[in-house]
Every structure is written in C-alpha cells, then in structure tokens.
Amino acid sequence: MSYVAPIMALVTALLCLLLDPWHEFKRNNYFNNLWHVTWSLLLMLSGGALAFFMVLTEFVLVSVTSAANVQIEGVVKEAVTILVAIFYFHDEFTWLRGFGLFTILVGVSLFNWYKYQKLQAGHPNEDGMLGSPDANASAKYVILEEIDDLDEGT
C-alpha cells in the first residue's frame, strides 16, 4: 500500500488537473466565499481520510485473515448502507430490498456457521493451520514500526 497509494494520488491529481472544469469554480456555490471553501475542503479531507483508513483496514484484514472474510464484511457493509438509506434518508423499503437484506443475513449467517463448525472440528483454515485465524495473527502480521524498533535495537 505504501508503494501504490502515492502513485494513485499522483495519477488522480494529474487527471483532475486535465479533466476537471476549473472555470466553473467561480460560479459554484461551494467555493464562493471563505466559509464555503473551508467547509468544502474539510468535507473532502474527511471523506478522503475515511476512504484511506477503510483501504488500510481492508489491507490489514486480508493480511491477518483471508479474502473471503473481507468479501463477507463488504456484504455486511452494503447491508448497513441499505439500512442507513432507509432509516436516515427515508428511502422506500420495497420487498426487493427486504429480500436482499434477508439474503445477506442468511448468507453471512451460513458462512459464520460453516467457519464455526470447521473450527470446532479441528480442520485447517485457509492457510493450512489449525485453529482460528486470530491465534496465528501475530505470526502472520507484524507492524512495521516494530520491525524498525528491532532494527534499531530498542
């Protein structure tokens, strides 16, 4: 991630400079005074920070567990998004959304039940190791600051 993120930022900035309609900023209400500029920039920075930490969390999660867990958690995130849209933004709750939420809950429950049964039976996980992924997390993932501390001898 430390190699890819700067490249992604540079490419995004370059595309922004080339493709965005810069002449429309003067007429845009989000940038017409200092308060709106400050508020808009804070909203963009907070959204960017949330996106960054979401990607970092997914990276750490894949490092510690498996890609299947990240997919399941992505599905749960979509279910939460639907629920927020219904309860907070008052979107219409149709039978199709209800069926989708039911399908999500059943799928996630079956996945968790399968993983629990597999763990109880003593079958190896995705990495071929017995036990839960949490038991082997420290062996699989080491925080980079700890490596730097070991290299410095502290």
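Residues numbered from 1 in each chain as written. Predicted model: local features only at pLDDT ≥ 70, side-chain atom pairs only at ≥ 80, totals over all residues. Heavy atoms only, no water.

### Section: the confidence of the model for the protein
The condition is simple: The score called pLDDT rates the predictor's confidence residue by residue, from a low of 0 to a high of 100. Secondary structure elements are taken from DSSP: a helix is a run of H or I of four residues or more, a strand is a run of E of two residues or more, and numbering for both begins at the N terminus. Contact between two residues is taken to exist if any of their heavy atoms lie within 4.5 Å; hydrogens are not considered.
Across the protein, the average pLDDT comes to 79, with 79% of residues at 70 or higher. Helix α5 (residues 137-140) is the least confidently modelled element of the protein, averaging 46 in pLDDT, while helix α1 (residues 4-19) averages 90, the highest of any element. Confidence over residues 132-142 falls short of pLDDT 50; this stretch has 16 contacts with residues more than four positions distant or in other chains.

### Considering the environment of N69
To be explicit about the condition: Any residue under 20% of the maximum accessible area for its type is buried, any over 50% is exposed, and the rest in between are partly exposed; the area is computed with a 1.4 Å probe on protein chains only. Two N or O atoms count as a polar contact when they lie within 3.5 Å, although within protein this holds only if one can serve as hydrogen donor and the other as acceptor, and sequence-adjacent residues are included solely when both atoms are side-chain atoms.
Along the chain, N69 falls in helix α3 (residues 67-87). For N69, a relative accessible area of 10% puts it in the buried group. Residues N69 and N112, 43 residues apart in the sequence, show an inter-C-alpha distance of 9.7 Å. Of note is the side chain of N69, whose polar atom sits 3.5 Å from the side chain of T65.

### Focus: the packing of helix α2 (residues 34-64) against α3
Let me state the cut-off plainly: What counts as an axis is a line fitted to C-alpha atoms, over the stretch in contact for a helix, and the angles between N-to-C directions run from 0 to 180 degrees.
For the pair α2 and α3, interaxial distance at closest approach is 10 Å and the crossing angle is 145 degrees. In contact with M54, E58, L61 and V62 of α2, α3 contributes V70, E73 and K77.

### Quick notes on unusual backbone geometry
Positive phi, normally seen in glycine, also occurs at H90, with a value near 60 degrees. Inspection of the secondary structure assignment puts H90 in the loop between α3 and α4 (95-121). Residue classification places H90 among the exposed positions, given a relative accessible area of 66%.

### Some remarks on α4
The line we're drawing: A helix is expected to span 1.5 Å for every residue after the first.
End to end, α4 covers 38 Å across 27 residues, agreeing with the expected 39 Å (1.5 Å per residue, within 8%). Within α4, burial applies to G98, L101, I104, V108, F111 and K115. On the buried face of α4, the contacting elements are α3. Just downstream of α4, G122 is the residue with a positive phi angle, here 80 degrees.

### Re the packing of aromatic side chains
Test applied: The aromatic pairing rule takes the rings of Phe, Tyr and Trp, using the six-membered ring of Trp, and pairs them if the centres are within 6.5 Å, calling planes under 30 degrees apart stacked, those over 60 edge-to-face and the rest tilted.
Taken as a whole and judged by the stated rule, the model has three aromatic pairs. A centroid spacing of 5.2 Å and a plane angle of 75 degrees characterise the contact between F52 and F53, whose relative ring orientation is edge-to-face.

### As for a nonpolar patch on the surface
This is how it is decided: Each patch is built from salt-bridge-free residues with over 30% relative accessible area, joining like charges within 9 Å and nonpolar side chains (Val, Leu, Ile, Met, Phe, Trp, Tyr) within 5 Å. Areas reported here follow the Shrake-Rupley algorithm with a probe of radius 1.4 Å; residue values treat only the protein chains shown as occluding. Any carboxyl oxygen of Asp or Glu that lies within 4 Å of a side-chain nitrogen of Lys or Arg is treated as forming a salt bridge with it.
Side chains of W95, L96, F99, F102, V106, L110, W113 and Y114 sit close together on the surface and give an oily, nonpolar patch of about 990 Å² of accessible area. Residue V106 is classed as partly exposed on the basis of its relative accessible area, which comes to 34%.

### Section: α3
In a regular helix each residue adds 1.5 Å, so 21 residues correspond to 30 Å; α3 covers 30 Å between its end C-alpha atoms and thus fits that length. Inspection of α3 places N69, V70, A79, A85 and I86 among the buried residues, and these make up the whole buried set.

### Focus on the pattern of salt bridges
Under the definition given, this model contains one salt bridge. The residue K77 makes a salt bridge to E78 at a minimum N-O spacing of 3.8 Å. On the basis of relative accessible area, E78 is assigned to the partly exposed category, the value being 41%.

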